[in-house]
Amino acid sequence: MSETSLPLIADCDVTSTKNKDIYDAWATNYEKDVREWGYSLPEKVAEALKGYIQTLAQNTATDNSNDDDDDDNDNDDSTIRILDAGAGNGLSGLALRNAV
């Protein structure tokens, strides 16, 4: 995003239509722009959660290996599922995946 585009965000109308229009126009450069501004929250959160995620995966594997039920559990014994319900660019999910 060029310097001349920045006021568009600051002057953004409060209507959802105007906000959508601005972010639609910015979509192709959004990730590049926020990274250039130093945005690294997904990686910081992933690093903070890394130990917890690894412990949870180990506990899940142990729990599943002791499960004598014949249920249809499709989970691999060493994996857990994490929902990245963020802003939609997938950076948090990718950072979590790369951290473990």
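All of the points below concern the structure found in this document. (Residues numbered from 1 in each chain as written. Predicted model: local features only at pLDDT ≥ 70, side-chain atom pairs only at ≥ 80, totals over all residues. Heavy atoms only, no water.)

Some details on the nonpolar core
Ala46, Ile53, Ala95, Leu96 and Ala99 form the largest nonpolar core, which has five residues in total. For this core, the elements supplying multiple residues, two or more each, are helix H4 (41–65) and helix H5 (91–99). If one sorts the elements of this core by residue count, H5 sits on top with three residues. When residues no more than four places from it in sequence are discounted, the contact partners of Ala46 are Ala95, Leu96 and Ala99. (Core = buried A, V, L, I, M, F, W, Y, C linked by side-chain atoms within 4.5 Å. Buried < 20%, exposed > 50% of the residue type's maximum accessible area, 1.4 Å probe, protein only. Helix = DSSP H or I, 4+ residues; strand = E, 2+ residues; numbered from the N terminus. Contact = heavy atoms within 4.5 Å.)

Brief notes about H5
Burial in H5 covers these residues: Leu91, Ala95, Leu96 and Ala99. In an axial view of H5, the angular spread of the buried residues amounts to 130 degrees, which keeps them on one side of the axis. (Arc of directions from axis to C-beta.)

Examining the packing of aromatic side chains
One pass over the structure, following the stated rule, counts four aromatic pairs. Taken together, a centroid distance of 5.8 Å and an interplanar angle of 45 degrees make the contact between Trp26 and Trp37 tilted. Of the two residues, Trp26 sits in helix H2 (residues 16–26) while Trp37 sits in the loop between helix H3 (30–36) and H4, which places them 11 residues apart along the sequence. Through a chain of ring-to-ring contacts, three or more aromatic side chains come together here, namely Tyr23, Trp26, Tyr30 and Trp37. (Phe/Tyr/Trp six-rings, centres within 6.5 Å; stacked < 30°, edge-to-face > 60°.)

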